[in-house]
Amino acid sequence: MNNVYYGKLIFELSKSGRVGYSLPKQEISGYSIDSLPEGLKRSQRTILPECDELTVVRHYTNMSNNNFGVDTGFYPLGSCTMKYNPKLNEELCSLPGFNCHPSVPTEYMQGSLKLYDEVQKTLSEIAGLSRFTLNPYAGAHGELTGLMVIKSYHLQRGDTLRTKIIVPNSAHGTNPASAAVAGFSVVEVKSLPDGTVDVEDLKPLLGPDVAGMMMTNPNTLGIFEHNIPGIARLIHECGGLMYYDGANLNPMLGVCRPGDMGFDVMHINLHKTFSTPHGGGGPGSGPVGVRKGLEHLLPNPQVVRNEDGKYNLLFDEKSLGSVSFFLGNFAVIIRTYAYLLSLGKENIPMAGKLSVLNANYIKESLKSHYLLPIEGLCKHEFVFDGLCPEYGGDHHDEGHVTTLDVAKRLLDYGFHAPTIYFPLLFHEALMIEPTETESKDMLDEFIEVMKKIALEARDNREMVRTAPHDTPIRRLDDVKAVKEPKFTFKSL
Ligand SMILES: *Cc1c(COP(=O)(O)O)cnc(C)c1O
């Protein structure tokens, strides 16, 4: 909708002297601007927009209409688990009774500590591990924390030679990054044509310098790593620990458990699997779980339940230290609690299984039009390698239609784009994760549109190559946007 507010900054709508709100009169007697010390006063007036209320309301409402979220439409962004976030969770996490401030005595926050402990216990049960910390703020932060657990484990045993972390080449980019930040050197292991870890490529990497191996399961291609028990044995035999990147836990819920597969440490993304709105970078929570014998290494503070049923905070001397402000992103933990209780033990496995069914339904329906590099059952997501050659996807042909073109054309049809050009194993990767929360009608509509785009790519290439046509802003120069970001209105 192109109106006078459209595409303008609030500063550009400003008119000197317009007012939308009156501040209350200064009520503290004896104090005024004049009583402030000179050094604390501004030397110039602040530049603030001056707008009437209606302008402000229209400006922000128009802006929100330009946004795309799970509440707007289908959001099949792979590796992100953009499931619907029940509004009930939002209500509950804003209840005023939750009190989790570090200077509040523990006897006044028993309810909050109980909630933390129950989430911790439920995650331990779901994962087949002994104990979780809910303190880390995100998946990558959980990885770093988990790798610090692995590091502390080796160092506290006096084993100082373990400097390597093995990471598959299909891993999420955060895996090697977290290992590097934790002070390890990263060694890459190759994948087989079926997308799983190449055990023969792994064997020569093993030795007394291996601290551990990170695995994602299902991996970033949506494929179950069926060699895990063998890999875990190899890593354990050489003295390393197994780390599970559990950001893809959604399809495994109530079906199988990382602890039973031989993993020692893992993280879970609450903001993916256990529902929290997380577009645009936040808020998140990346709890870290450990097997029996590693609990004391988890970050401080830990929440523990005493014999008398009271909850307390534990600061363990052997702990790797603190990784967050107090007990982490508490509102996300409350949302998780609400989500777990509303599904219940019977329905949690249903979420996982439906996410697998939905992904396979889309994959099978579209593989006639899009290249499927790895056949067979996928878990919650899968990857196409662009359009089939007969639909203009042949990348030996210079004017071929790319994955980027398909993603941009989807925007014209009101869908968020899938993940593109990740994982890096394929030239034209297009990664789709529908989640369990979409209806069959929505999946069918998406399938129909994807087929329509394939036909357009075959019959009217230029139209797809110049998409999007109906969005407020056409195709952006992504590189320029990253290299020359403009954050202030002055630079426009
Ligand atoms: C999302 C994701 C991460 C990182 O999680 P953040 O919360 O974004 O830091 C790590 N690994 C995998 C497989 C993921 O999908």
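Residues numbered from 1 in each chain as written. Predicted model: local features only at pLDDT ≥ 70, side-chain atom pairs only at ≥ 80, totals over all residues. Heavy atoms only, no water.

Teacher, can you tell me more about the environment of Ala407 here?
For Ala407, the location among the structural elements is in helix α11 (residues 403–412). Judged by relative accessible area, which is 4%, Ala407 ranks as buried. Counting along the chain gives 13 residues from Ala407 to Ile420, while the straight-line C-alpha distance between them is 7.6 Å. Discounting residues that sit within four places of it in the chain, Ala407 has contacts with Ala417 and Ile420. (Helix = DSSP H or I, 4+ residues; strand = E, 2+ residues; numbered from the N terminus. Buried < 20%, exposed > 50% of the residue type's maximum accessible area, 1.4 Å probe, protein only. Contact = heavy atoms within 4.5 Å.)

Please explain the site of the ligand as it appears in this structure.
Taken together, 14 residues lie around the ligand, and Gly139, Ala140, Asp245, His271 and Lys272 are the ones closest in. Ala140 is positioned such that a nitrogen or oxygen atom in its backbone is 2.8 Å from an oxygen atom of the ligand. Here Lys272 contributes a side-chain N or O atom positioned 2.8 Å from an oxygen atom of the ligand. Relative to its free-state accessible area of 380 Å², the ligand is covered by the protein chains to the extent of 86%. Contributions of two or more residues to the shell around the ligand are made by α4 (139–156) and α9 (270–273). In terms of residue count, the dominant contributor to the shell around the ligand is α4 (three residues). When grouped by side-chain class, the residues that make up the shell around the ligand number three nonpolar, eight polar and three charged. (Near = heavy atom within 4 Å. Polar contact = N/O pair within 3.5 Å; in protein donor to acceptor, adjacent residues only side chain to side chain. Areas by Shrake-Rupley, 256 points an atom, 1.4 Å probe, with all protein chains shown as cover. Nonpolar A, V, L, I, M, F, W, Y, C, P; charged D, E, K, R; others polar.)

What is the right way to read the sheet that holds strand β10 (residues 382–385) from this model?
Strand-to-strand pairing in sheets goes through backbone hydrogen bonds, with the strands running parallel or antiparallel. Taken together, the three strands give an open sheet; going across it, the order is β10-β12-β11, and neighbouring strands pair in antiparallel fashion. Edge positions in the sheet fall to β10 and β11 (419–420), since each has one partner strand and no second. (Pairing = 2+ DSSP bridges.)

In this structure, what is going on with the pattern of salt bridges? I would like to understand it.
Charged atoms that come close allow side chains of opposite charge to pair. Taken as a whole, this structure holds 23 salt bridges when the rule is applied. Asp117 is paired through a salt bridge with Lys121; the nearest N and O atoms lie 2.6 Å apart. Taken as a pair, Asp117 and Lys121 lie in helix α3 (residues 110–127) at a separation of four residues, close to a single helical turn. Relative accessible area serves as the criterion here: at 2%, Asp117 is assigned to the buried category. (Salt bridge = Lys/Arg side-chain N within 4 Å of Asp/Glu carboxyl O.)

Even after reading the chapter, I still don't get the packing of aromatic side chains, so can you show me in this structure?
Pairs of aromatic rings are described using the distance from one ring centre to the other and the angle between the two planes. Counted according to the given criterion, the structure contains eight aromatic pairs. Joined through ring pairs, the aromatic side chains of Phe74, Phe415 and Phe446 make up one cluster. Here the guanidinium or amino end of Lys151 rests over the ring plane of Phe184, the centre of that ring lying 5.4 Å away. (Phe/Tyr/Trp six-rings, centres within 6.5 Å; stacked < 30°, edge-to-face > 60°. Lys NZ or Arg CZ within 6 Å of the ring centre and 35° of its normal.)

Looking at this model, I keep getting lost on the nonpolar core. Mind explaining?
A general feature of soluble globular proteins is that nonpolar side chains tend to end up buried together. Core analysis: the largest hydrophobic core is formed by 53 residues, its most contacted members being Ile166, Met213, Ile231 and Phe274. With eight residues, helix α10 (residues 330–366) is the single largest residue contributor to this core. Those residues in contact with Ile166, other than ones at most four positions away along the chain, are Val187, Val189, Leu202, Leu205, Leu206, Val210, Gly212, Met213, Met214 and Ile235. By size, the runner-up hydrophobic cluster in this structure holds 27 residues, among which are Ile362, Tyr370, Leu372 and Ala454. (Core = buried A, V, L, I, M, F, W, Y, C linked by side-chain atoms within 4.5 Å.)

In this structure, what is going on with the packing of α11 against helix α12 (residues 440–459)? I would like to understand it.
Taken N-terminus to C-terminus, the directions of α11 and α12 make an angle of 125°; their axes are 10 Å apart at the nearest point. Compared by their axis directions, α11 and α12 come out oblique. Of the two elements, α11 crosses α12, and the hand of that crossing is right-handed. When α11 is examined against α12, the residues Val406, Arg409 and Leu410 are found in contact with a partner set consisting of Phe446, Val449, Met450, Ile453 and Glu456. A class-by-class count of the residues in the contact of α11 with α12 yields six nonpolar, no polar and two charged. (Axes fitted to C-alpha atoms, helices over the stretch in contact; angles between N-to-C directions. Parallel < 35°, antiparallel > 145°, perpendicular 65-115°, else oblique. Left-handed = near helix turned anticlockwise from the far one by under 90°.)

I'm lost on the sheet that holds strand β2 (residues 164–168) in this one. Help?
Here seven strands make up an open sheet; going across it, the order is β1-β7-β6-β5-β4-β2-β3 and the pairing mixed. Each end of this open sheet is capped by a strand with a single partner; those strands are β1 (131–133) and β3 (185–189). The mean inter-strand angle of the sheet, taken between neighbouring strand axes irrespective of direction, is 25°. Judged from the five bridges that link them, strand β4 (residues 210–216) and strand β5 (residues 241–246) form a sheet pairing that is parallel. Paired with Thr216 across the bridge in β5 is Asp245. Where α4 meets the sheet, its contacts fall on β2, β4, β5, β6 (265–268) and β7 (288–290), and the angle it forms with β5 comes to roughly 170°.

So what exactly am I meant to see when it comes to unusual backbone geometry here?
Note: most residues except glycine have negative phi, and most peptide bonds are trans. The peptide bond linking Asn217 to Pro218 adopts the cis configuration, its omega dihedral lying at -10°. Here Pro218 shows up in the loop between β4 and α7 (228–237). Cis rather than trans, the peptide bond between Asn300 and Pro301 has omega equal to -10°. The phi dihedral of Tyr421 falls on the positive side, at around 60°, and the residue is not glycine. In this structure, Tyr421 sits in the loop between β11 and β12 (429–432). Overall, Tyr421 belongs to the partly exposed group, its relative accessible area being 31%. Located in the positive-phi region is Thr435, a residue other than glycine, with phi close to 70°. Among the structural elements, Thr435 can be located in the loop between β12 and α12.

Explanation requested: the pairing of β12 in the structure shown.
Residues in a regular strand point their side chains to alternate faces of the sheet. In β12, alternate side chains face the same way, and those of Ala429 and Met431 on one face and Leu430 and Ile432 on the other are all buried. Here four bridges tie β10 to β12, and the two strands are oriented antiparallel to one another. Note that in β12 the partner of Phe382 across the bridge is Ile432. With two bridges joining them, β11 and β12 adopt antiparallel strand pairing. When the sheet's bridge partners are listed, Thr419 is paired in β12 with Met431.

Please clarify how α3 should be interpreted in this entry.
Residues lying three or four places apart along an α-helix face the same way, a consequence of the helix completing one turn every 3.6 residues. Relative to the 26 Å expected for 18 residues at 1.5 Å per residue, α3 spans 25 Å between its end C-alpha atoms, a close match to the ideal helical length. Of all the residues in α3, the buried ones are Gln110, Ser112, Leu113, Leu115, Tyr116, Asp117, Val119, Gln120, Leu123, Ser124, Ile126 and Ala127. Among the residues trailing α3, Gly128 stands out with phi positive, at a value near 70°. (Expected span 1.5 Å × (residues − 1).)

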